[in-house]
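Inside the fold
If you want the building blocks of each chain, they are given just below.
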Amino acid sequence: MTIIEEIKASFKGGTNLTRLIYVNTGVFLVLHLVLVILFLLDKTGLNYTVLQLFAVPADLSSIAAKPWTVVSYMFLHKEFFHLLFNLLWLYWFGKIFIQYIGDKSLLSVYLLGGLCGALFFITAYNIFPALSENLSGSMAMGASAAVMAIVIAIATYAPDHIIYIVFIGPVKIIWVALIGFILSSVVDFSVNTGGKIAHIGGAVFGYYFALRYRNGVNVALWFEKLITVFLSWFKPRKRKMKVSYKRNVSDIEYNTRLVEKQ
């Protein structure tokens, strides 16, 4: 089996966590392949244009022209370490999330957390004066908001779950999540403000999801059903086999024999 075949089999038979990691990595590789081609063609001026096609803009008129960006942005990474840290957090906390809540909800919380992050980002840039000055041209990209939703969701749902950290030892997951959230979303807020606001949006959804889930309500269930219906459109339909039954004797002969027997 070739590497490509192994990846296909892993993607098809793996968990949603595996698929999310593959999709984020694949988008990163394709993006940089495009950037390499533009460099060779001496068209590096188009780099920003390519990013604009998939990063979510803060300007409402731009979103109206590119509505898909509210989803595509959460799979888009330009910097390698941005991708690496997001995938590491996604993998660590995603495994625990699946253990307690399940694989289906992982995908829903990722997507809804990312959408909530985009909503916070767009709203903030259109409301707060300190940000509205840079409204035109501002855009967000990366899985941070979606990943933060998963991190906060599982930390809220199972706060006493123990994580073993190298050189430190056993630590409750809630403390790891809080420290990660503060460092990535609060500290030095003036730098990458839009991204930090998106993180907060993802965290808010994750927290809300966990609170309701602990009370027996899955607020992402409708979204899970929507995803299931959407994915069913792309599955090949199985042909129904027609089964026919043949009698060895005709109905007349059968009735005649029945009468004689009686």
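Here is a short report on the structure shown in this document. (Residues numbered from 1 in each chain as written. Predicted model: local features only at pLDDT ≥ 70, side-chain atom pairs only at ≥ 80, totals over all residues. Heavy atoms only, no water.)

**Regarding the overall build of the protein chain**
As a reminder, the rule being used: The numbering of helices and of strands both runs from the N terminus, where a helix is a DSSP run of H or I of at least 4 residues and a strand a run of E of at least 2. Accessible area is worked out with a 1.4 Å probe on protein chains only. A residue is then buried under 20% of its type maximum, exposed over 50%, and partly exposed in between. Contact definition: two residues touch when any of their heavy atoms are within 4.5 Å. Methods summary: accessible areas were calculated by the Shrake-Rupley approach with a probe of 1.4 Å, and residue burial reflects only the protein chains presented.
For the protein chain, the helix and strand inventory stands at 13 helices and four strands. Relative to its full complement of 262 residues, the protein chain shows a buried share of 38%. Of the contacts made within the protein chain by residues no fewer than 6 positions apart, 69% connect residues no fewer than 24 positions apart. Surface summary for the protein chain: the accessible area is close to 16,800 Å², and the carbon and sulfur share equals 67%.

**Focus: the pattern of salt bridges**
Stated precisely, the cut-off is as follows: A side-chain nitrogen of Lys or Arg and a carboxyl oxygen of Asp or Glu constitute a salt bridge if their distance falls within 4 Å.
A full pass over the atoms with the stated rule returns one salt bridge. When the shortest N-O distance is used, the salt bridge between Asp160 and Lys172 registers 3.3 Å. With Asp160 in the loop between helix H9 (144–157) and strand S3 (162–165) and Lys172 in strand S4 (residues 169–172), the pair connects residues that are twelve residues apart, well separated along the chain. We classify Asp160 as exposed; its relative accessible area is 52%. Classification of Lys172 by relative accessible area gives partly exposed; the value is 37%.

**Some details on a nonpolar patch on the surface**
Rule in force here: Patch construction takes residues with relative accessible area above 30% that form no salt bridge. Like charges are linked within 9 Å, and nonpolar side chains (Val, Leu, Ile, Met, Phe, Trp, Tyr) are linked within 5 Å.
Taken together, the side chains of Trp175, Leu178, Ile179, Ile182, Leu183, Val186 and Val187 define a hydrophobic patch exposed on the protein surface, amounting to about 660 Å² of accessible area. Mapped onto the elements, Val187 comes out in the loop between helix H10 (173–185) and helix H11 (193–214).

**Comments concerning the pairing of S4**
Walk down a regular strand and you will see the side chains alternate between the two sheet faces. Put simply, the test is: By this definition, two strands are paired if DSSP reports at least two bridges between them.
Across four bridges, S3 lies against S4 in antiparallel orientation. Within S4, the position partnered with Tyr164 by the bridge is Pro170. Between S3 and S4, which pair antiparallel one after the other, the connecting turn spans three residues, and Phe167 there sits at a positive phi close to 70 degrees.

**Some points on the layout of surface pockets**
Selection criterion: Throughout, the protein atoms alone are placed on a 1 Å grid, and a set of points is a cavity if a 1.4 Å probe fits but cannot get out or a pocket if it is open with protein on both sides within 12 Å along at least five of seven lines; lining residues have an atom within 4 Å of a point. Grid points are joined across faces, edges and corners, and a volume is the space filled by probe spheres set on the points.
The computed volume of the largest pocket comes to approximately 810 Å³. Lining the largest pocket are 21 residues; nearest its centre among them are Asn16, Arg19, Leu107, Ile227 and Leu231. Mapped onto the lining of the largest pocket, the elements with two or more residues apiece are helix H1 (3–13), helix H2 (16–40), helix H7 (103–127) and helix H12 (221–232). In terms of residue count, H12 provides more of the lining of the largest pocket than any other element does, eight residues in total.

**A short note on the packing of helix H6 (residues 80–100) against H10**
In plain terms, the rule: Axes, fitted as lines to C-alpha atoms, cover a helix only where it is in contact. Angles between the N-to-C directions of the axes lie from 0 to 180 degrees. Geometric relationships in this document are graded by angle, where less than 35 degrees denotes roughly parallel, more than 145 denotes roughly antiparallel, 65 to 115 denotes roughly perpendicular, and other angles denote oblique. For any helix crossing, the convention is left-handed if the near helix is rotated counterclockwise from the far helix by under a right angle, and right-handed if that rotation is clockwise. Residue polarity is assigned by list, with Asp, Glu, Lys and Arg as charged and Ala, Val, Leu, Ile, Met, Phe, Trp, Tyr, Cys and Pro as nonpolar; anything else, Gly included, falls into the polar class.
One way to put it is that H6 packs onto H10 with a least axis distance of 13 Å and a crossing angle of 150 degrees. The angle between the axes of H6 and H10 places the two elements in the roughly antiparallel class. Crossing of H6 over H10 shows left-handed handedness. Where H6 approaches H10, its residues Trp89, Phe93 and Ile96 are matched on the opposing element by Ile173, Val176, Ala177 and Gly180. Here the residues of the contact of H6 with H10 are counted per class, giving six nonpolar, one polar and no charged.

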